[in-house]
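These are the residues of each chain, in order.
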Amino acid sequence: MVSRKAAAGASADRPNVSREELLKFYREMLLIRRFEEKAGQLYGMGLIGGFCHLYIGQEAVVVGLEATAKEGDKRITSYRDHGHMLACGMDPKGVMAELTGRAGGYSRGKGGSMHMFSKEKHFYGGHGIVAAQVPLGAGLAFADKYLGNDNVSFTYFGDGAANQGQVYETFNMAALWSLPVVFVIENNQYAMGTAQRRSTSSADIYTRGAAFGIKGEAVDGMDVLAVKAAGQRAVAACRAGKGPYILEMMTYRYRGHSMSDPAKYRSREEVQKMRDERDAIEHVRELLLTGGHATDDDLKLVDRDIKAIVNEAAEFAKTSPEPDLSALWTDITV
Amino acid sequence: MATEILMPALSPTMEEGSLAKWLVKAGDTVKSGQILAEIETDKATMEFEAVDEGVIGALLVPEGASGVKVNTPIATLIVEGETAATAAPTAAVAAPAPAAAPVAAKAAPAAEPVPMAAATPDWPAGTPMKTMTVREALREAMAEEMARDETVYLMGEEVGEYQGAYKISQGLLDQFGARRVIDTPITEHGFAGIAVGSAFAGLRPILEFMTFNFAMQAIDHILNSAAKTLYMSGGQMGCPIVFRGPNGAAARVGAQHSQDYAAWYAQVPGLKVVMPYSAADAKGLLKTAIRDGNPVIFLENEILYGRSFEVPDLPDFTIPFGKARVWREGTDVTIVSFGIGMVHALAAADKLAAEGISAEVIDLRTLRPIDYDTVIASVQKTNRCVTVEEGWPVGSIGNHLSATIMERAFDYLDAPVINCTGKDVPMPYAANLEKLALLTPDEVVAAVKKVTYR
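Residues numbered from 1 in each chain as written. Chains lettered and ligands numbered in written order. Predicted model: local features only at pLDDT ≥ 70, side-chain atom pairs only at ≥ 80, totals over all residues. Heavy atoms only, no water.

1. Looking at the overall build of chain B
What counts, and what does not: Helix and strand labels come from DSSP, where a helix needs a run of H or I of at least four residues and a strand needs a run of E of at least two; each type is numbered from the N terminus. Each residue is placed in one exposure class: buried if its accessible area under a 1.4 Å probe, protein chains only, is under 20% of its type's maximum, exposed if it is over 50%, and partly exposed if it falls in between. What sets the accessible areas is the Shrake-Rupley method with a 1.4 Å probe; for residues, cover comes only from the shown protein chains. Residues counted as positive are Lys and Arg, residues counted as negative are Asp and Glu, and His and the chain ends are not counted. For the purpose of locating charges, the reference atoms are NZ of Lys, CZ of Arg, CG of Asp and CD of Glu.
Counting its secondary structure elements, chain B contains 16 helices and 22 strands. Expressed as lengths along the three principal axes of its C-alpha atoms, the size of chain B is roughly 75 × 60 × 45 Å. Counting the 454 residues in chain B, one finds 56% classified as buried. Carbon together with sulfur atoms contributes 56% to the accessible area of chain B, which is approximately 17,800 Å² in total. Across chain B, the mean location of the 36 positive side-chain charges is 5 Å away from that of the 55 negative side-chain charges.

2. Brief notes about the overall build of chain A
For clarity, the cut-off: Contacts are assigned to residue pairs that have any heavy atoms within 4.5 Å of one another.
Broken down by element type, chain A carries 12 helices and 8 strands. Each principal axis of the C-alpha distribution contributes one length, and for chain A these read about 55 × 50 × 40 Å. Out of the 334 residues in chain A, the part that is buried amounts to 58%. Across chain A, the fraction of contacts at a sequence separation of at least 24, relative to all contacts at a separation of at least 6, is 75%. Total accessible area on chain A stands at roughly 13,100 Å², and carbon and sulfur atoms take up 51% of it. Taking the average place of the 41 positive charges on the side chains of chain A and the average place of its 42 negative ones, the gap between the two points comes to 2 Å.

3. A short note on helix α2 (residues 19-44) of chain A
Condition: Helix span, as expected, comes to 1.5 Å for every residue beyond the first.
For α2(A), spanning 26 residues, the distance from its first C-alpha to its last is 38 Å, which sits close to the expected 38 Å at 1.5 Å a residue. At the exit of α2(A) stands Gly46(A), carrying a positive phi of roughly 80°.

4. Re the domain arrangement of chain B
Residues and elements named next belong to chain B. Defined as follows: The domain limits used here are those given by an automatic or database domain assignment. Throughout, buried area stands for the accessible area (probe radius 1.4 Å) lost by two parts on being put together, summed over both. By definition, a salt bridge exists where a carboxyl oxygen of Asp or Glu is found within 4 Å of a side-chain nitrogen of Lys or Arg. Polar contacts, as used here, are pairs of N or O atoms within 3.5 Å; protein pairs need one atom able to donate a hydrogen and one able to accept it. Residues neighboring in sequence count only if both atoms are side-chain atoms.
According to the domain assignment, chain B consists of domain 1 (3-90), domain 2 (129-312) and domain 3 (325-451). Between domain 2 and domain 3, the C-alpha centre-to-centre distance is 26 Å. The contact between domain 2 and domain 3 buries some 2,400 Å² in all, and 61% of this surface belongs to carbon and sulfur atoms. Put simply, domain 2 and domain 3 have 1 salt bridge between them. In this structure, Asp 281 engages Arg 365 in a salt bridge whose closest nitrogen and oxygen atoms are separated by 2.9 Å. There are 13 residue pairs in polar contact (both at pLDDT 80 or more) connecting domain 2 and domain 3. At the level of secondary structure, the elements contributing two or more residues to the side of domain 2 that touches domain 3 comprise α9 (262-266), β14 (272-274), α10 (279-291) and α11 (302-305).

5. With respect to the interface of chain B and chain A
Interfaces are often sized by the accessible area lost when the parts come together. With 42 residues of chain B in contact, the opposing surface of chain A contributes 37 residues. Here chain B packs against chain A, burying approximately 3,300 Å² in sum over the two surfaces, 69% of which is carbon and sulfur. Its largest share of buried area at the contact with chain A, chain B owes to Ile194(B), Tyr231(B) and Met232(B), together 22% of the area lost on that side. Linking chain B with chain A are 0 salt bridges, by the criterion used here.

6. Points about the packing of aromatic side chains
Applied cut-off: The criterion for an aromatic pair is that two Phe, Tyr or Trp rings (for Trp, the six-membered ring) have centres within 6.5 Å, with stacked assigned to planes under 30 degrees apart, edge-to-face to planes over 60 apart and tilted to the rest. A ring is considered to have a charge above it if a Lys NZ or an Arg CZ atom is located within 6 Å of its centre and within 35 degrees of its normal.
Going through the model one piece at a time under the given rule, you end up with 22 aromatic pairs over all chains. Measuring from centroid to centroid gives 5.3 Å for Tyr261(B) and Trp264(B), while their planes differ by 75°, and the two rings are edge-to-face. Assessed through its relative accessible area of 2%, Tyr261(B) is described here as buried. By relative accessible area, which is 40% here, Trp264(B) ends up partly exposed. In this structure an aromatic cluster arises from ring pairing among Phe191(B), Phe209(B), Phe212(B), Phe243(B), Tyr261(B), Trp264(B) and Tyr265(B). Sitting over the face of the ring of Tyr146(A), Arg179(B) holds its NZ or CZ atom 4.1 Å from the ring centroid. Above the plane of the ring of Trp327(B) lies Arg325(B), whose end atom (NZ or CZ) is 4.1 Å from the centre.

7. Quick word on the sheet that holds strand β15 (residues 295-300) of chain B
All names here are of chain B. Formally: Strands were regarded as paired on the criterion that DSSP finds at least two bridges between them. Throughout, an axis means a line fitted to C-alpha atoms (over the contacting stretch in the case of helices), and angles, computed between N-to-C directions, take values from 0 to 180 degrees.
Sheet architecture is open: 7 strands sit in the order β11-β10-β12-β13-β15-β14-β20, paired in mixed fashion. Bordering the open sheet on either side are β11 (181-183) and β20 (366-368), each of which pairs with just one other strand. Each strand axis lies, on average, 20° off the axis of its neighbour in the sheet, ignoring direction. Here β14 runs beside β20; their pairing, made up of 2 bridges, is antiparallel. Bridge pairing links Val 274 to Thr 366 in β20. Lying over the sheet, helix α4 (residues 134-148) contacts β10 (152-156), β11, β12 (204-208), β13 (241-246) and β15, oriented at roughly 135° with respect to β10. In the packing of helix α6 (residues 188-200) onto the sheet, the strands contacted are β10, β12 and β13, and the crossing angle to β12 comes to about 165°.

8. Quick notes on the pairing of β15(B)
Residue and element names in this part refer to chain B. We apply this condition: For the handedness criterion, the strands are oriented away from the viewer, and a crossover whose path from the first strand over the helix to the second runs clockwise is classed as right-handed.
Counting buried residues in β15 gives 6 out of 6 residues, a clear majority hidden from the surface. Judged by which residues are buried, β15 turns out to be covered on both faces: Pro 295, Ile 297 and Leu 299 on one side and Val 296, Phe 298 and Glu 300 on the other are all buried. As defined by bridge partners, β13 adjoins β15 across 6 bridges and the pair is classed as parallel. Directly across from Gly 245, in β15, lies its bridge partner Leu 299. As judged from the 3 bridges shared by β14 and β15, these two strands associate in the parallel manner. The partner of Val 273 across the bridge, within β15, is Ile 297. Considered for its hand, the β-α-β crossover made up of β14, α10 and β15 is right-handed.

9. Quick notes on the sheet that holds strand β4 (residues 181-187) of chain A
All names here are of chain A. With parallel pairing, the 6 strands of this open sheet are ordered in space as β2-β1-β3-β4-β8-β7. Of all strands in the sheet, those with a lone pairing partner are β2 (123-126) and β7 (215-220), marking the two edges. The mean inter-strand angle of the sheet, taken between neighbouring strand axes irrespective of direction, is 15°. The pairing of β7 with strand β8 (residues 245-250) spans 6 bridges and is classified as parallel. By the bridge assignment for β8, Val 219 is matched with Met 249.

10. Section: the state of the cysteines
We apply this condition: We call a pair of cysteine sulfur atoms a disulfide whenever their separation is within 2.5 Å.
All told, the structure shown has 0 disulfides over all chains when counted by the stated rule. There is no disulfide at Cys52(A), and the cysteine sulfur nearest it, in Cys88(A), is 18 Å away. For Cys52(A), a relative accessible area of 0% gives the class buried. Here Cys385(B) is not disulfide-linked; the sulfur of Cys420(B) is the nearest cysteine sulfur, at 10 Å.

11. What about a nonpolar patch on the surface?
Here is the rule we go by: Only residues whose relative accessible area exceeds 30% and that form no salt bridge are eligible for patches; like-charged ones are grouped when within 9 Å, while nonpolar side chains (Val, Leu, Ile, Met, Phe, Trp, Tyr) are grouped when within 5 Å.
A contiguous nonpolar patch, built from Met216(B), Trp264(B) and Trp392(B) and spanning about 290 Å² of accessible area, is present on the exposed surface. Tracing the backbone through its elements, the reader meets Trp392(B) in the loop between β21 (385-388) and α14 (397-409).

12. Points about the packing of α4(B) against α10(B)
All names here are of chain B. Filter applied, for reference: Oblique is the label for any angle not under 35 degrees, not over 145, and not in the 65 to 115 range, which are roughly parallel, roughly antiparallel and roughly perpendicular in turn. With the far helix as reference, a near helix turned anticlockwise by less than a right angle produces a left-handed crossing, and one turned clockwise produces a right-handed crossing. Classes in brief: Ala, Val, Leu, Ile, Met, Phe, Trp, Tyr, Cys and Pro nonpolar; Asp, Glu, Lys and Arg charged; the others, Gly included, polar.
Two elements in contact, α4 and α10, have axes separated by 8 Å at closest approach and are oriented at 30°. Taken together, α4 and α10 sit at an angle that is classed as roughly parallel. As for the relative orientation of α4 and α10, their crossing is right-handed in sense. Contact residues: Val 134, Ala 137, Leu 138, Glu 140, Ala 141, Met 142, Glu 144, Glu 145 and Arg 148 in α4; Ala 279, Ala 282, Lys 283, Leu 286, Lys 287, Ile 290 and Arg 291 in α10. Its residues placed into classes, the contact of α4 with α10 shows 9 nonpolar, no polar and 7 charged.

13. Examining the confidence of the model for chain B
Low pLDDT means the predicted coordinates in that region are not meant to be read closely. Condition: Across the chain, each position has a pLDDT score giving the predictor's confidence in that residue, from 0 to 100.
Residue-level pLDDT values for chain B average 91, and 91% of them are 70 or greater. Contacts from residues 86-111 of chain B, a stretch scored under 50 in pLDDT, to residues over four places away or in other chains number 24 contacts.

14. Examining the nonpolar core
Within soluble globular proteins, side chains that are nonpolar generally end up buried alongside one another. For clarity, the threshold we go by: Think of a nonpolar core as a cluster: buried Ala, Val, Leu, Ile, Met, Phe, Trp, Tyr and Cys residues, connected wherever their side-chain atoms sit within 4.5 Å.
If you look at the biggest cluster of nonpolar residues, it comprises 79 residues, and the most contacted ones within it are Phe142(A), Met155(B), Phe209(B) and Phe243(B). It is helix α6 (residues 133-147) of chain A that provides the largest number of residues to this core, a total of 8 residues. Both of domain 2 (129-312) and domain 3 (325-451) of chain B provide at least three residues apiece to this core. When residues no more than four places from it in sequence are discounted, the contact partners of Phe142(A) are Trp177(A), Leu179(A), Tyr153(B), Met155(B), Ile182(B), Ile194(B), Ser198(B) and Leu203(B).

Listed below in structure tokens is the structure:
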């Protein structure tokens, strides 16, 4: 699965990376993982309701791509969105408080897990309808092109969404109009509970842009350095006005589709094997230790720091008040 | 006897047209498929081809004639075996031709009813007026707003090089260029999403649907992406976009192309919904819609596109949302309508006046927000109400108004409110059945007589 494509793809190359950058990746991926674990805990305690889709296992994708972004670049994704928000610098407190439906949340408690936005960080949601974010993301890129800047839009969607018709309508127009959009397919192997081989006629989703003349690459999405290297190629092409670019990130989600997923469609062994052999955070941890860039104690300090941030976010999310009842009637129209 | 060549119907709604140019003259031999003339409809200038081979006997309608009714003989053709003598046009056929001497190019089909209501709060008294069609009013509104704001752009199928499937965007490509007047592939779901995304990022798109029937493919983006984002983001991010295009029945286009979506969209919080009747309202409300910070559904009507009205000749003329217009004051019954329903409402009011029944006619103009106060105040005066709309009866705007009137003015009612609507059937194609499915002024008259116990 992951290894097959990674070996075949052009993404085996790795950029030179500094100690600082490796540490940054470690820290950012760990923040997402610990944040998500905490969210799962709060869900179990009944503090988070409804749907809650965790990003655990896929951290290298957003962290690697954010390393290629510059100010003004935009991002948009599906309902599995907590990792994207943390990676682009949104405040963990505001994200967690939105999960608990509190006034201190990014959407003041009115959006929930699937619907958060930050104009300041150019994060355009958080969309609950599978694949709807694909044309919306191309629309963000349309605006940048219209306004004449060289920003790009990272448009994330899953292997399940890749079967939606609007994706191909969007590929057509994005290529036709040379829109600066990076289509990031996060292929975590399962569309909810349906394995890719049971839902998708051809395995190589990154080749689906070929019909529209869009370049595509399969990337080892468990290797943050490979992700960054591929991201740099895609972003450079977009900024140079060459139109859209497809990156199929071969990744894996350790947890269920949502919190209510009984996970009958795959074996415990399969999940455990990925965790043991391909974990993105362990990978960077090893690079840091074996390369002599950090000691165990250094990393323990990072772990402690992240734990504190996540605990602070959880505390804020528990104590932030529920929205005022008057908020029911606000923000319907401007 | 020669074969008569008749004025063709070149669009579903065409009743008459102009003979822009003859490309043949009497005595010319023509082949099947040869272009005989250029005919201008309300939508476009079309080439008209010969069906049969033969020699042109006579041109019965001069070049430049306008207002030529469909099926009027416009030329004669002598086919093989006929002689020129036998082909000479009969006096009866020849007669209408000279009569069709060029009429003023933009003559209104029929004088629209003039509002009798004293209050016209939309423009100051004494404002100079100009006559224009709904089509021209919509085009002018877009052109003015695009000139005013660089972030406004027009996107849709055939809006550019084709000059608009219904000619609403005629000339805009020339005026504003391909960056701001954007032809799309036929992919409503995709391009609606792209337009909404660009609005998130600060542009102000006008998205034309060739008709609102096709917007069904895009309704997820209209509702889930455009209408709900402001709320879901806690007020952080809105979606300033206008979705516009013809809505409702045209003529003889069958079930899939003849649906009124007024009640559908009016149900959705987060949208604003506009459905103008007159050209002045079309212009003033479209300009307001383009400046509005919310997603606006702007429901036009193909049959109304060619109707002419008086429009205030002001440099910057807008009409606020949520204000009904009283077209006609009356004392016996309140008729509430909007969009093309106003044609039936006003025609019914004329007929009723002739029978001594005084009807007050209110055009809602916007369906979200709705100007309830104007309706309630009128019902409190007349004590009776009939609603008129083209859409289906179940869950109609009329149903909603009836409930509101019942809640707010129950003690004023002297009769139950009646909802006149289209029939509860998919639109049939056959001419007689289509006529039966659509609303008529006579149905409105009958409803009014029922509530006034006449």
